[in-house]
Amino acid sequence: MQGVDEFSRWATEFEAKQVARAAAGDPDWGRGAQLDPAVARSVQRFQVGESGDGANLIAKAEAAGDPAYSAAVRLFVAEEINHARMLGLLLEAGGSATIRAHWSDTVFVRLRRALGLRLELMVLMVAEVVALRYYRALRDGTGDALTAQVAGLILNDELRHVPFHCHRLRVAFANTSGLARLIPVLLWWIVLVGATMVVAADHGPALRRLGVSRAGFVLDVIALFKGIVPTAVSTETAVIPDSGSVPLRAALGFSKH
């Protein structure tokens with residue numbers, strides 16, 4: 001089992017990405033975007049989901065007592081805020097406004113805030129896995145260059161978020177027996193399947209325009225999650241890969257990009 005001081009690696013990786021992002025600069029928003037109305041509505045809802053300030057998660061991370069992990073969480077939250085900023089600018093470039101709230105995000109946030117750190121991360125991981133498939137669909141299915149660029153940038157960040165949260169969940173499950181892990185994992189699967197079906201139903205028109213059926217989206221997310229759960233809850237010694245890991249990207253279905 002990795003020591004918690006290993007989270008300094010994640011803080012370093014997040015910081016390096018922050019520096020690289022600043023050096024590269026923003027996409028060229030001035031070229032505009034052609035957003036199908038259904039896709040624009042879908043992006044509006046995801047933009048709301050990315051726009052929280054993360055204060056509750058940061059407070060729980062600080063209470064966990066590992067400064068390296070707390071620093072990494074702050075950098076993770078900053079990336080999520082940047083996603084919301086970019087999606088907002090993408091909508092503006094496409095002539096659409098952002099929205100103040102959406103019921104699905106309200107329910108999701110209230111559920112997370114009511115839980116301890118481990119359970120909050122499990123719920124958050126559901127959102128991250130759904131996001132992996134969504135942003136891949138947005139990147140590959142749109143015919144708009146700016147939309148594809150923004151989706152690709154966000155997707156690359158999400159590929160780092162998944163192993164980061166896996167690492168912390170392994171720490172959280174380190175001293176639990178197989179039986180004690182069984183019930184949380186079963187509930188985790190229930191939440192994942194339920195949430196994915198809700199997203200597929202809510203975003204169905206956009207997914208169709210991006211070339212993904214509702215059923216295909218659900219099955220793809222389940223396949224992604226199936227590959228992630230063992231890494232997140234195992235107590236066996238293993239190296240948590242970083243976001244550039246070829247095996248990780250292949251396991252999540254991103255080896256071609």
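K.L.:
Please provide a residue-by-residue account of the packing of helix 2 (residues 37–50) against helix 4 (residues 67–93), values included.
P.N.:
Where helix 2 meets helix 4, the axes come as close as 8 Å, and the angle between the chain directions of the two elements is 155°. In terms of their interaxial angle, helix 2 and helix 4 are classed as roughly antiparallel. Note that helix 2 runs across helix 4; the crossing there is left-handed. Every residue of helix 4 that contacts helix 2 at Ala40, Val43, Gln44, Phe46, Gln47 and Glu50 is listed here: Glu80, Ile81, His83, Ala84, Leu87, Gly88 and Leu91. In terms of residue class, the contact of helix 2 with helix 4 is built from seven nonpolar, four polar and two charged.

K.L.:
How would you explain the pattern of salt bridges if you had to name every residue and give the values?
P.N.:
Going through the model one piece at a time under the given rule, you end up with 11 salt bridges. The partner of Asp202 in a salt bridge is Arg45, with the nearest N and O atoms 3.1 Å apart. Of the two residues, Asp202 sits in helix 8 (residues 178–202) while Arg45 sits in helix 2, which places them 157 residues apart along the sequence. On the accessibility criterion, Asp202 (22% relative accessible area) is partly exposed. Across the pair Lys60 and Glu120 runs a salt bridge whose closest N-O atoms are separated by 2.5 Å.

K.L.:
Can you break down a nonpolar patch on the surface residue by residue, with the values?
P.N.:
Taken together, the side chains of Leu179, Leu182, Ile183, Leu186, Leu187 and Ile190 define a hydrophobic patch exposed on the protein surface, amounting to about 630 Å² of accessible area. Of the residues examined, Ile190 reaches a relative accessible area of 57% and is grouped as exposed.

K.L.:
Describe helix 10 (residues 214–233), and please don't skip the residues or the numbers.
P.N.:
The terminal C-alpha atoms of helix 10, which comprises 20 residues, lie 29 Å apart, in line with the 28 Å expected from a rise of 1.5 Å per residue. Helix geometry: helix 10 is bent most strongly at Gly227, by close to 25°, with proline Pro230 lying one to four residues after it. By the burial criterion, the buried members of helix 10 are Phe217, Val218, Val221, Leu224, Phe225, Ile228, Val229, Ala232 and Val233. Where the residues of helix 10 are buried, they touch helix 6 (117–141), helix 7 (145–173), helix 8 and helix 9 (204–209).

K.L.:
Talk me through the environment of Leu182; I want residue IDs and the actual numbers.
P.N.:
In this fold, Leu182 is placed in helix 8. A residue is classified by how much of its surface remains accessible, and Leu182, at 43% relative accessible area, is partly exposed. A sequence separation of 51 residues divides Leu182 from Val233, and the C-alpha atoms of the two residues are 9.6 Å apart.

Procedures and definitions
- Going along each chain's sequence as written, the residues are numbered from 1 onward.
- Owing to the predicted nature of the model, reporting of local features is limited to residues with pLDDT of at least 70; listing and counting of side-chain atom pairs is limited to 80 or more, with chain, interface and lining totals taken over all residues.
- The side-chain numbers reported here are obtained from all heavy atoms of the structure, hydrogens and water having been left aside.
- Here, axes are lines fitted to C-alpha atoms. For helices the fit covers the stretch in contact, and angles between N-to-C directions go from 0 to 180 degrees.
- What counts as a helix is a DSSP run of H or I of at least four residues, what counts as a strand is a run of E of at least two, and both are numbered from the N terminus.
- An angle counts as roughly parallel when it lies under 35 degrees, as roughly antiparallel when it exceeds 145, as roughly perpendicular when it falls between 65 and 115, and as oblique in every other case.
- Two helices that cross are described as forming a left-handed crossing if the nearer one is turned anticlockwise from the farther one by less than a right angle, and a right-handed crossing if clockwise.
- For this analysis, residues touch if any pair of their heavy atoms sits within 4.5 Å.
- Each residue is assigned to one of three groups, with Ala, Val, Leu, Ile, Met, Phe, Trp, Tyr, Cys and Pro labelled nonpolar, Asp, Glu, Lys and Arg labelled charged, and all others, Gly among them, labelled polar.
- Each reported salt bridge corresponds to a side-chain nitrogen of Lys or Arg within 4 Å of a carboxyl oxygen of Asp or Glu.
- Relative accessibility thresholds used throughout: buried, under 20% of the residue-type maximum; exposed, over 50%; partly exposed, between the two (1.4 Å probe, protein chains only).
- Patch membership requires more than 30% relative accessible area and the absence of a salt bridge. Residues of like charge join within 9 Å; the nonpolar side chains Val, Leu, Ile, Met, Phe, Trp and Tyr join within 5 Å.
- The accessible surface values rely on the Shrake-Rupley method and a 1.4 Å probe; as for residues, cover is taken only from the protein chains in view.
- Expected helix span is given by 1.5 Å per residue-to-residue step, counting one fewer step than there are residues.
- To get the bend at a residue, fit one axis to the 7 residues ending there and another to the 7 starting there, then take the angle between the axes.

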